[in-house]
Amino acid sequence: MAPRPDEGERFLDALKASPRPGAPPASDDAAFLHGVGERLRLLRARRGMTRRILSRQSGVSERYIAQMEAGGGNVSILLLRAIARALGVPATDLLADQPEHAADTALLDDLLARLTPDQRREARALLARHFGAQPHPGRATRIALIGLRGAGKSSLGRRLAEQRRVPFYELDREIEREAGTELREIFELHGQGGFRRLERAALERLLATGSGAVIATGGSIVADAATFALLLSHCRTVWVRAAPEEHMQRVLDQGDLRPMQDNRQAMKDLRAILASRESLYARADHILDTSGQTLDESVNALVTLLK
Ligand SMILES: Nc1ncnc2c1ncn2[C@@H]1O[C@H](COP(=O)(O)OP(=O)(O)O)[C@@H](O)[C@H]1O
Ligand SMILES: O=C(O)C1=C[C@@H](OP(=O)(O)O)[C@@H](O)[C@H](O)C1
Ligand SMILES: [Mg+2]
């Protein structure tokens, strides 16, 4: 078989160190670009691709690839995609370090993606049983309610805690305590990232204070995979759900009239948020449908569900 044209220089070129700054880059931006460059060089080396081959297959100039690898190129999104495609990896592999077990995880993800939500819950239980994974201490008596705004997490949570004679925690209030300021200000001062870090810290603090509790979480807790995984593993979780119209009516009844200003748009937004979160909420251990129920009826149903 004839050698491919670039065969000879493949490994050499790929492993040739691009100039690395001796000292750590001063700014956060520089450190990020440096990381992208390192990952690019590693992925290219792993594949035994020269810069010339990569350039030919991606349409990005060799000079630019060399510049990126040295941490100097602030690449456009489309060029990044072209390079990732030529390497045969998702663009995210260039942006952040991926865990070493990525192949196993990808196979598991693929398998799980083909199951229904019920089957996924079953698979989780089967794996835990098969590998003898013990539930976290206190999980059975620590209840967490998840779901969209107006589901009834706060109202039902307080009543459930009274009934079980355990403390009730509102995670949003715990976050405010953690930060020493109100949610609105947390978002203004620290943004989404800051809020998520505080949410994680507040949850860790609650989980460390022994067992026996009811926690009403914020509707968006499912947006952070690590925090949500922590919640699922340490608490029995209940997705409190209702029809979209009921969510809206309950929020309006609570005096928040902002959605009334443009009701059709607000309803559309609410449906979109619910749709984006449903597959995550569905990972809860239990589901409580409160549609068409009074608060008392739902309290009774929740108590029975958790017996
Ligand atoms: N079946 C029901 N279950 C829960 N809440 C209900 C029900 N019917 C009406 N509600 C009312 O809906 C509102 C739910 O709000 P809240 O408990 O603050 O929800 P969340 O904390 O999930 O945003 C409360 O005012 C509650 O009285
Ligand atoms: O669903 C959401 O994105 C949110 C729900 C709110 O909590 P409740 O679900 O307790 O109303 C609160 O955390 C924040 O306004 C965001
Ligand atoms: Mg609430």
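Residues numbered from 1 in each chain as written. Chains lettered and ligands numbered in written order. Predicted model: local features only at pLDDT ≥ 70, side-chain atom pairs only at ≥ 80, totals over all residues. Heavy atoms only, no water.

Some thoughts on the site of ligand 2
- In the region of ligand 2, the neighbouring residues are Arg 149, Lys 153, Asp 172, Gly 218, Gly 219, Ser 220 and Arg 277.
- The contact in question runs from an oxygen atom of ligand 2 to an N or O atom on the side chain of Asp 172, over 2.6 Å.
- For ligand 2, an oxygen atom lies 3.2 Å from a polar atom in the backbone of Gly 219.
- For ligand 2, whose accessible area on its own is 390 Å², the fraction buried by protein is 68%.
- Cavity membership is defined here by more than half of the atoms lying within 2 Å of grid points; on that basis ligand 2 lies in the second largest pocket.
- Broken down by class, the residue content of the shell around ligand 2 amounts to no nonpolar, three polar and four charged. (Near = heavy atom within 4 Å. Polar contact = N/O pair within 3.5 Å; in protein donor to acceptor, adjacent residues only side chain to side chain. Areas by Shrake-Rupley, 256 points an atom, 1.4 Å probe, with all protein chains shown as cover. 1 Å grid on protein atoms, 1.4 Å probe; cavity = no way out; pocket = protein on both sides within 12 Å on 5 of 7 lines; lining within 4 Å. Sits in = over half its atoms within 2 Å of the grid points. Nonpolar A, V, L, I, M, F, W, Y, C, P; charged D, E, K, R; others polar.)

Topic: the sheet that holds strand β3 (residues 213-216)
- An order of β2-β3-β1-β4-β5 is seen for the five strands of this open sheet, with the pairing classed as parallel. Pairing within the sheet leaves two strands with one partner each, and these edge strands are β2 (168-170) and β5 (286-289). Adjacent strand axes in the sheet meet at a mean angle of 20° when their direction is disregarded.
- In terms of strand pairing, strand β1 (residues 142-146) meets strand β4 (residues 236-241) through four bridges, oriented parallel. Counted as the bridge partner of Ala 144 is Thr 237 from β4.
- Its contacts with the sheet place helix α12 (residues 225-234) against β1 and β4, and it is angled at close to 135° to β1. (Pairing = 2+ DSSP bridges. Helix = DSSP H or I, 4+ residues; strand = E, 2+ residues; numbered from the N terminus. Axes fitted to C-alpha atoms, helices over the stretch in contact; angles between N-to-C directions. Contact = heavy atoms within 4.5 Å.)

Overview of the confidence of the model for the chain
- On average, residues of the chain score 86 in pLDDT, and 88% of them reach the 70 mark or higher.
- The low-confidence segment residues 1-23 (pLDDT under 50) makes 33 contacts with residues lying over four places distant or belonging to another chain. (pLDDT = per-residue confidence, 0-100.)

Regarding the layout of surface pockets
- Taken as a whole, the largest pocket encloses approximately 1300 Å³ of empty space.
- Along the walls of the largest pocket sit 31 residues, with Arg 120, Arg 124, Ala 125, Leu 127 and Arg 283 positioned nearest its centre.
- Counting residues per element, the ones that place at least two in the lining of the largest pocket are α7 (102-113), α8 (117-130), α12 and α14 (263-281).
- A per-element tally of the lining of the largest pocket places α8 first, with nine residues.
- Here the second largest pocket defines a volume of roughly 780 Å³.
- Of all the elements in the fold, those that place two or more residues in the lining of the second largest pocket are α9 (153-164), α13 (244-253), α14 and α15 (295-305). (Points joined across faces, edges and corners; volume = space filled by probe spheres on them.)

Some details on the site of ligand 1
- Close to ligand 1 lie 16 residues; Gly 150, Lys 153, Ser 154, Ser 155 and Gln 254 are nearest.
- Between ligand 1 and Gly 150, the relevant distance is 2.8 Å, taken from an oxygen atom to a main-chain nitrogen or oxygen of the residue.
- One of the side-chain N or O atoms of Ser 155 is found 2.4 Å from an oxygen atom in ligand 1.
- Taken by itself ligand 1 offers 570 Å² of open surface, and the protein chains cover 79% of this.
- At a threshold of 2 Å from the grid points, most atoms of ligand 1 map onto the second largest pocket.
- Breaking the shell around ligand 1 down by element, the ones donating at least two residues are α9 and α15.
- A total of four residues in the shell around ligand 1 trace back to one element, the largest contributor, which is α9.
- For the shell around ligand 1, a count of residues per class yields four nonpolar, nine polar and three charged.

Digging into the UniProt feature "binding site: Mg(2+)" (unreviewed entry) in the chain
- Taking the numbering used here, the UniProt-annotated feature "binding site: Mg(2+)" (unreviewed entry) corresponds to Ser 154.
- Since its relative accessible area comes to 28%, Ser 154 is described here as partly exposed. (UniProt positions renumbered as here; feature names shortened; annotations may be inferred. Buried < 20%, exposed > 50% of the residue type's maximum accessible area, 1.4 Å probe, protein only.)

Quick word on α8
- Compared with an ideal rise of 1.5 Å per residue, which puts 14 residues at 20 Å, α8 spans 20 Å between its outermost C-alpha atoms and is within 8% of the ideal.
- Following α8 by one or two positions, Gly 132 has its phi on the positive side, about 65°. (Expected span 1.5 Å × (residues − 1).)

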